[in-house]
Amino acid sequence: PDNLQSPWGSAAPAAPACSLADVMSEQLATQLDEENNAFPALTEYASETTSDLMLAKMLQMQFDREFDDQLRREEKKFNGESKVSISFENYRMVHPYEDSDSSEDEVDWQDTRHDPYKADKPQTTPRRGFTGKGKNITTKHDAETCGRKNTARMDNFAPEVHVGDGLGMDLKLSNQVFNSLKQHCYSEQRRSARLHEKKEHSTAEQAVDPRTRLLMYKMVNAGVLENINGCISTGKESVVFHADGGSLEEQPVPDEVVLKVFKTTLNEFKNRDRYIKDDYRFKERFSKLNPRKVIRLWAEKEMHNLARMKKAEIPCPEVVLLKKHILVMSFIGKDHVPAPKLKDVVLNSEDMKNAFYQVLHLMQLMYQECNLVHADLSEYNMLWHEGKVWLIDVSQSIEPTHPHGLEFLFRDCRNVSTFFQKRGVSEAMSVYELFNAVSGLNIPVGAEEEAEFMAEIVALEKRNEDHVQKRGKKTFPVTCEDGDPPLKPDADD
Ligand code: ADP
Ligand code: MG
């Protein structure tokens, strides 16, 4: 250690609570080490966040942490005020913390976690609990060894706890001192958790993280919103709030709006990257972004897609404002009551038939005018409002030239066709007819129906991909008016 002026190294600035990148490089290092790979110097990896492996690992780590947080909340809820509590410790993915009753003398996870970045720790007793032979035997209960071990274990206190530079020296902590330090750590952690709880009393906003909440309050402060009323929906990928519109300088704000908050959780991200990864509009940027910014892309995509749809006069929410991962748009519904989803609304057969033809027309408009495939179209993402079908939830919508664009379109068609057939609309087309009617393609429907049809779709996609590779151009018979307006650069946080 460089700083020996004071035994606690107080002259040096306190280490920041360990950053994601640190944890990542640490994890990566451990793994590489385990695999015994002769990789180049680890520092190269540590600084390189553009590497796919790194990105993947970062996502995984964030996912693990969110998983753990969720687990902690569930654990707390499960145990409640009960004196006997069940620990979920074993299910945690990262940063396990000790139970206060764990035995002082036992070697536990702490000693098995290998950390290649730490200065060599003072020698502690090996697992079998003694070293040496005959008269010179040292057991794990030996005061000196024990003291060193305690010092080493201090390193595993919560990251917020700054334990100083004790590790670098041959510092020995008695069991008594160590235990009271440990106890202090736990009570501090609990205290800060309690404080935190009190701050978060409002129920509606519980669904989002403090950062997001702050952004939401800022919108109220700025007068864009009058008031945030409550949560309409909490999905896997987003939370939707109802709010009263305020005013914006350049444009009027509707009386009723929704805030769609894209979840910064990466739970669903893994399934979704297929949509965005191959979307040429985002390809360049995708590889360079940190996870939080990737989430913002969803909001950005939804905004652009809604704008295209509005232009084609498709009934859909109107974008009011995009702020990071929060999209403010007009509310479909009235007096705080959101329009029902198509799956929930009871319609007479005339209206149902009507709805089908509307959806067919909307799909055609979307494909031909907006150059978009919804890619998550179903009775869940269509609302019935003022006698019309409204389309929502278009963050994942992609252009037909997307490498899997036609497959997504086929899936949309299947959902639509199945839904209306189940609701007894005899006019509802089969999935194949619908697909051809929407895309303007003329894929023949043979005896082997689905398999052949699908093969044809995939072949088309492939041909298009090859074309793009060769010419750098899209080739589908769709009029593509390119160039969504670029987003104003957003201040980074
Ligand atoms: P998710 O990706 O979570 O499914 P959606 O955009 O589908 O997000 O929104 C979830 C739900 O919130 C919808 O099913 C709908 O009930 C409601 N909702 C979303 N946007 C609006 C809107 N503009 N007006 C009224 N309700 C909306
Ligand atoms: Mg939805």
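The numbering scheme is per chain: residues are counted from 1 as the chain's sequence reads. Numbering of ligands from 1 and lettering of chains from A proceed in the order in which they are written. Where totals are concerned, whole chains, interfaces and linings use all residues; where local detail is concerned, this predicted model gives features only for residues with pLDDT of at least 70, and gives and counts side-chain atom pairs only at 80 or more. The side-chain numbers reported here are obtained from all heavy atoms of the structure, hydrogens and water having been left aside.

### Looking at the overall build of the protein
Assigned secondary structure in the protein consists of 14 helices and eleven strands. Relative to its full complement of 493 residues, the protein shows a buried share of 42%. Nonlocal contacts in the protein, meaning residues at least 24 apart in sequence, comprise 63% of its contacts between residues at least 6 apart. Accessibility throughout is a Shrake-Rupley quantity obtained with a 1.4 Å probe, and a residue counts as covered only by protein chains that appear here. Carbon and sulfur atoms form 52% of the exposed surface of the protein, whose accessible area is close to 27,600 Å². Helix and strand definitions follow DSSP, with helices as H or I runs of at least four residues and strands as E runs of at least two, each counted in order from the N terminus. Under the scheme applied here, a residue whose accessible area is under 20% of the maximum for its type counts as buried, over 50% as exposed, and between as partly exposed, the area being computed with a 1.4 Å probe on protein chains only. Here, residues are in contact when the closest pair of their heavy atoms is within 4.5 Å.

### Some words on the sheet that holds strand β7 (residues 326–330)
Two strands qualify as a pair provided DSSP detects at least 2 bridges between them. The sheet built from five strands is open, its strands ordered β3-β4-β5-β7-β6 with antiparallel pairing. Of all strands in the sheet, those bounded by a partner on one side alone are β3 (225–234) and β6 (319–323). Averaged over all pairs of adjacent strands, the angle between strand axes in this sheet comes to 25 degrees, irrespective of strand direction. Across seven bridges, the pairing between strand β4 (residues 238–245) and strand β5 (residues 256–262) is antiparallel. What sits directly across from serine 238, in β5, is phenylalanine 262. For helices, the axis comes from a line fit to the C-alpha atoms of the stretch in contact; other axes are also lines fit to C-alpha atoms, and the angle between any two N-to-C directions lies between 0 and 180 degrees. Across the sheet, helix α10 (residues 291–311) touches β5, β6 and β7, and the angle it forms with β7 is around 25 degrees.

### Describing the site of ligand 1
Any residue with at least one heavy atom within 4 Å of a molecule or strand is counted as near it. In the vicinity of ligand 1, 15 residues are found, and the nearest of them are Ser238, Lys260, Ile332, Lys341 and Asp393. For the purposes of these results, a polar contact is taken to be a pair of N or O atoms within 3.5 Å, where, inside protein, one atom must be able to donate a hydrogen and its partner to accept one; residues adjacent in sequence count only when each atom of the pair is a side-chain atom. One of the side-chain N or O atoms of serine 238 is found 2.7 Å from an oxygen atom in ligand 1. Here serine 330 contributes a backbone N or O atom positioned 3.0 Å from a nitrogen atom of ligand 1. About the coverage of ligand 1: the protein hides 91% of its 540 Å² of free accessible area. Secondary structure elements with two or more residues in the shell around ligand 1: β4 and β5.

### Some thoughts on the packing of aromatic side chains
Classification of ring pairs rests on two measures: the distance between centres of Phe, Tyr or Trp rings, Trp counted by its six-membered ring, which must be within 6.5 Å, and the angle between planes, read as stacked under 30 degrees, edge-to-face over 60 and tilted in between. Under the counting rule described, the total for this entry stands at eight aromatic pairs. An angle of 65 degrees between the planes, with centres 5.4 Å apart, marks the rings of phenylalanine 356 and tyrosine 357 as edge-to-face. Measuring from ring centre to ring centre gives 5.0 Å for phenylalanine 419 and phenylalanine 420, while their planes differ by 75 degrees; the resulting arrangement is edge-to-face. Exposure class is identical for phenylalanine 419 and phenylalanine 420. Each is buried.

### Comments concerning the nonpolar core
By size, the foremost hydrophobic cluster in this structure holds 61 residues, and its most contacted members are Met309, Ile314, Met363, Leu391, Val416, Phe420 and Phe435. It is helix α11 (residues 349–369) that contributes the most residues to this core, ten residues altogether. Domain borders in the structure are assigned automatically or taken from a domain database. When we break this core down by domain, the ones giving at least three residues each are domain 1 (210–334) and domain 2 (339–472). When sequence neighbours within four positions are dropped, the list of residues in contact with valine 416 reads Phe356, Val359, Met363, Leu377, Met382 and Leu434. One finds Met219, Leu259, Val261 and Val328 within the second-largest nonpolar core, a separate group that totals 18 residues. We call a set of buried residues a nonpolar core when its members are Ala, Val, Leu, Ile, Met, Phe, Trp, Tyr or Cys and they connect through side-chain atoms within 4.5 Å of each other.

Take it as geometry only, folks, not as evidence of what the structure does.
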